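Chain and residue survey
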Amino acid sequence: MQPAIETKKAVQTVRKGQSPFQLALKRFMKNKMALVGLGFLILIIFVSVGAPLFTDHDPSYSDLYNVDAEPSSTHLLGTNDSGQDVFARLLYGGRISLLIGFITMLLTVAIGGFLGALAGYYGGWLDMIVMRVTDILLTLPTTLTVLFLTAIFQTDEWVLIIALAVTTWPNTARIIRGEFLSLREQEYILSAKAIGCSGTRIIFRHMLPNTLAPLVVNATLLVAVMITVESALSFLGFGVPPTVPTWGNMLKEAQDISVLTDQPWLWIPPGLLVTLTVLSINFIGDGLRDAFDTKATRR
Amino acid sequence: MTHYLLEVQNLAKYFPIKRGIFRRTVGFVKAVDQVSFRIKKGETFGLVGESGCGKSTTGRMILRLLEPTDGKILFEGEDITQYGKKKMRKIRRNLQMIFQDPYASLNPQMTVGQIVSEPLKVHRLYDAEEQKEMVKELLETVGLNHHWRERYPHEFSGGQRQRIGIARALALRPKLIVADEPVSALDVSIQAQVVNLLADLQEKFQLTYIFIAHDLSVVKQISDRVGVMYLGRMVEIAPKKSLYRNPRHPYTEALLSAVPIPNPQVKRERIILQGELPSPANPPKGCAFHPRCPKVMKICKEVRPELIEWEEEHFVSCHLYSPS
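Definitions and limits used
Residues numbered from 1 in each chain as written. Chains lettered and ligands numbered in written order. Predicted model: local features only at pLDDT ≥ 70, side-chain atom pairs only at ≥ 80, totals over all residues. Heavy atoms only, no water. Helix = DSSP H or I, 4+ residues; strand = E, 2+ residues; numbered from the N terminus. Rg over C-alpha atoms; globule rule 2.2 N^0.38 Å. Buried < 20%, exposed > 50% of the residue type's maximum accessible area, 1.4 Å probe, protein only. Contact = heavy atoms within 4.5 Å. Areas by Shrake-Rupley, 256 points an atom, 1.4 Å probe, with all protein chains shown as cover. Lys, Arg positive; Asp, Glu negative; His and termini not counted. Charge placed at Lys NZ, Arg CZ, Asp CG, Glu CD. Pairing = 2+ DSSP bridges. Axes fitted to C-alpha atoms, helices over the stretch in contact; angles between N-to-C directions. Expected span 1.5 Å × (residues − 1). Bend = angle between axes of the 7 residues up to and from the residue. Patch = residues over 30% accessible without salt bridge, like charges linked within 9 Å, V, L, I, M, F, W, Y side chains within 5 Å. Salt bridge = Lys/Arg side-chain N within 4 Å of Asp/Glu carboxyl O. Phe/Tyr/Trp six-rings, centres within 6.5 Å; stacked < 30°, edge-to-face > 60°. Lys NZ or Arg CZ within 6 Å of the ring centre and 35° of its normal. Core = buried A, V, L, I, M, F, W, Y, C linked by side-chain atoms within 4.5 Å. Disulfide = S-S within 2.5 Å. Buried area = accessible area lost by both parts, 1.4 Å probe. Polar contact = N/O pair within 3.5 Å; in protein donor to acceptor, adjacent residues only side chain to side chain. Parallel < 35°, antiparallel > 145°, perpendicular 65-115°, else oblique. Left-handed = near helix turned anticlockwise from the far one by under 90°. Nonpolar A, V, L, I, M, F, W, Y, C, P; charged D, E, K, R; others polar.

Here we take up the overall build of chain B. Each helix and strand in chain B was counted, giving nine helices and 12 strands. Radius of gyration (C-alpha) of chain B: 21 Å, near the 20 Å computed for a compact globule of 324 residues. Over its C-alpha atoms, taken along the principal directions, chain B stretches across nearly 65 × 60 × 45 Å. The buried share among the 324 residues of chain B stands at 53%. Put simply, 64% of the contacts in chain B that link residues at least 6 apart link residues at least 24 apart. Accessible surface for chain B amounts to roughly 15400 Å². Of this, 49% is attributable to carbon and sulfur atoms. The centroid of the 48 positive side-chain charges in chain B is displaced by 5 Å from the centroid of its 36 negative side-chain charges.

Take the overall build of chain A next. When you go through chain A residue by residue, the secondary structure sums to 14 helices and zero strands. Computed over C-alpha atoms, the radius of gyration of chain A comes to 24 Å, more than 25% over the 19 Å expected from 2.2 N^0.38 for 299 residues, which places it beyond the range of a compact globule. Summarising its shape, the C-alpha atoms of chain A cover approximately 85 × 60 × 30 Å along the three principal directions. Residue burial in chain A is summarised as follows: out of 299 residues, 46% are buried. Sequence-distant contacts in chain A: of pairs separated by 6 or more residues, those separated by 24 or more amount to 70%. Here chain A has roughly 15100 Å² of accessible surface; of this, 68% comes from carbon and sulfur atoms. With 22 positive and 22 negative side-chain charges, chain A shows a spacing of 24 Å between the two charge centroids.

The next subject is the sheet that holds strand β4 (residues 70-75) of chain B. Strand pairing in a sheet relies on backbone hydrogen bonds, with the paired strands running either antiparallel or parallel. All names here are of chain B. With antiparallel pairing, four strands are arranged side by side in an open sheet as β2-β1-β4-β5. Both outer strands of the open sheet, β2 (24-40) and β5 (78-79), are each paired with one neighbouring strand and no more. Packed onto the sheet, helix α1 (residues 55-62) meets β1 (4-19), β2 and β4 and runs at close to 115 degrees relative to β1.

With that settled, consider helix α10 (residues 199-236) of chain A. Residue and element names in this part refer to chain A. Its 38 residues give α10 an end-to-end C-alpha distance of only 46 Å, which falls more than 12% under 56 Å, the value for a rise of 1.5 Å per residue. Taken as a whole, α10 carries its principal kink of about 50 degrees at Leu208; the proline Pro209 stands between one and four residues after it. Positive backbone phi, approximately 90 degrees, marks Gly237, located one or two places after α10.

A few words now on a nonpolar patch on the surface. The grouping of A:Trp125, A:Met128, A:Ile129 and A:Val133 at the surface amounts to a nonpolar patch, some 440 Å² of accessible area in total. Relative to the elements of secondary structure, A:Val133 occurs in helix α6 (residues 124-139).

Residues and elements named next belong to chain B. Scanning the model with the defined rule gives nine aromatic pairs over all chains in all. On the numbers, 6.1 Å between centres and 50 degrees between planes, the contact of Tyr14 with Phe28 is tilted. Here Phe28 lies in strand β2 and Tyr14 lies in strand β1, a separation of 14 residues in the sequence. Residue Tyr14 is classed as partly exposed on the basis of its relative accessible area of 24%. What links up through ring pairs into an aromatic cluster is the set Tyr230, Tyr251 and Phe289. Taking the ring centre of Tyr14 as reference, the NZ or CZ of Lys30 above it sits at 5.3 Å. When the ring centre of Tyr83 is taken as reference, the NZ or CZ atom of Lys87 above it lies at 4.5 Å.

Before going further, it helps to spend a moment on the nonpolar core. If you look at the biggest cluster of nonpolar residues, it comprises 63 residues, and the most contacted ones within it are A:Ile100, A:Leu160, A:Phe180, A:Ile202, A:Met207 and A:Trp247. It is helix α5 (residues 86-122) of chain A that provides the largest number of residues to this core, a total of 13 residues. The contact partners of A:Ile100, leaving out residues within four places of it in the chain, are A:Glu157, A:Leu160, A:Ile161, A:Leu164, A:Glu230 and A:Val240. The next biggest cluster of nonpolar side chains, apart from the first, holds 56 residues, and it includes B:Leu139, B:Ala169, B:Val194 and B:Tyr244.

Before going further, it helps to spend a moment on the state of the cysteines. Residues and elements named next belong to chain B. Within the structure shown, the criterion is met by zero disulfides over all chains. In this structure Cys318 is not part of a disulfide, and its nearest cysteine sulfur, from Cys293, lies 6.0 Å away. Residue classification places Cys318 among the buried positions, given a relative accessible area of 10%.

This part covers the interface of chain B and chain A. In many reports, interface size means the accessible area that the parts give up when they come together. With 34 residues of chain B in contact, the opposing surface of chain A contributes 31 residues. Taken together, the two surfaces of chain B and chain A that pack against each other cover about 3000 Å², and 54% of this comes from carbon and sulfur. One salt bridge in this structure joins B:Arg60 and A:Glu187, with 4.0 Å as the shortest N-O distance. The interface formed by chain B and chain A contains 14 residue pairs in polar contact (both at pLDDT 80 or more). The element best represented in the side of chain B that touches chain A is helix α3 (residues 112-122) of chain B, accounting for four residues.

Residues and elements named next belong to chain A. For the pair helix α2 (residues 20-28) and helix α13 (residues 264-292), interaxial distance at closest approach is 8 Å and the crossing angle is 130 degrees. Classed by the angle they form, the pair α2 and α13 counts as oblique. In terms of crossing hand, the pair formed by α2 and α13 is right-handed. For the pair α2 and α13, contact is made by Phe21, Ala24, Arg27 and Phe28 and by Ile284, Gly287, Leu288, Ala291 and Phe292, respectively. Partitioned by chemical class, the residues of the contact of α2 with α13 number seven nonpolar, one polar and one charged.

Before going further, it helps to examine the side chain of B:Asp180. Within the secondary structure layout, B:Asp180 lies in strand β7 (residues 176-180). Buried and unpaired, B:Asp180 has B:Arg60 as its nearest opposite-charge partner, separated by 4.1 Å.

What follows is about the sheet that holds strand β3 (residues 44-48) of chain B. Residue and element names in this part refer to chain B. The strand order β6-β7-β8-β3-β9-β10-β12-β11 describes an open sheet built from eight strands, whose pairing is mixed. In this open sheet, the two strands that pair with only one neighbour each are β6 (95-98) and β11 (308-311). Taking each pair of neighbouring strands and ignoring which way they run, the sheet shows an average axis angle of 25 degrees. Here β3 pairs with strand β9 (residues 225-230) via four bridges, running parallel. Each bridged residue has a counterpart across the sheet, and for Gly46 the counterpart in β9 is Val226. Packing of helix α5 (residues 158-170) onto the sheet brings it into contact with β6 and β7, and relative to β6 it is tilted by some 175 degrees.

Turning our attention to a negative patch on the surface. Where like charges cluster on the molecular surface, the negative patch consists of B:Asp127, B:Glu129, B:Glu130, B:Glu133, B:Glu137 and B:Glu140. Among the secondary structure elements, B:Glu137 is positioned in helix α4 (residues 128-141).

Pasting the structure below:
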């Protein structure tokens, strides 16, 4: 080998290109609001998952000598009428609220994405059935259906998660189906068929990666919706059992005029957390939508 | 049995028109209506006609990307329209396609290397190392730097993307390539490069092309024989020279008279067709061209003309040239 050729080769190296997804993430990183949202969400996840690191109190332990205590150095946000530490309940409650938000989102995206993809790709009678089922499900008011389901089955967070997923997947399925319908006519899908790709390979290798953008945006916003719905249902008494600390349950405990006026530390923190968490997730969702929504990623 | 690589017999594609809440079929768009032609090994068959005349539909049916309503497609003497999924998958190695829009025909989420090697992966040809080597070779064959294999389609120009599409079509070493308007989306300066590349590849790999286009001058450059389509029907098939020098069908005459001549001194009679292109959902009775034909006769409105061999190798479907 001659050294001259060696140097020439060194100049011409394989440069890894940036995929449309990487480009979108780069654009996302420039969006300040979305980054603030992301930072806040990570903080919330960190403090609730790592709750034992931040408080020594057991959220379900009732300190009966210290009922309705005002905020102090031992009880940062005081105690409720059962003598449970509010700060601890706030942190541990975040676990349940976030868990419900994320797991429901995952389930919804899995069911909706799968059925939407099948309906959009294969069309015909399969599409017919899936779309009619979504039509029927979409006529049912979500809250009422969940109330109904949680009334039949015993309420725990898993029943709630399943009930929420069952009622919200049709929206995701419709979005994915629509994307698939338009992608199906793209020439690169035709070319995949011409090559001899199987149906599954076309769906998973060619179509799903190209529906990732709307799917991710939809999934993010779903988390926010689920957290709100969980709070609302718990507030009404149809969500998670009242003994389990969640943000919604904490708000429910404050359904009393004297608590509202005299003990704001009981309800302002959980209310604020729900609002801020949902707000930051929505900022993330909007940021992702803006980052994905350009011509450069489309092609 | 025959020396024809591909034989298309009475190929037809009717798209149903569905209306109302019950999706009742109220009629058919006859996109392709009883088209027959034969293609010899190693030649380039140009397929021309205005938009909506069924050129692309014909091309897609040959690859079974669309299921024909009727007719036969014989590839090396065997009717592939009856092939099941498995058999069709195998035969796909011999039939490939180059697409019109270089911006839509490459998956934006895949790198060039992944795009070009996908046919090899799908058909489980060669191991990973050999595939890499193949990709390198293919990219260089089509005039691209193989160091670009880790990049994504959005980093390339239209002409470069079309080369990537050509490399992908070549990966399986097909015998027949259907090129569906491969240059019409490109700049004129790039068109020539791509057409020349296609011609070089044909020589190198003994390819047979079906070259679909609406631009007669591009077809003239690359084709050996040309088929002219009008409203889903084949109106004339002839060797290039004979067609361009001596068009028989009035429609072909009109088309050719529209090709611009670079020399401004040359004067020529321009045939301007009257009327609109009829809807393929409701084609005229008799000869489909009769409402716009300058040489229309009584019989044209009643009887559909057959495609007959008027001169050697020169087929025409027109009552002006009846065997009697």
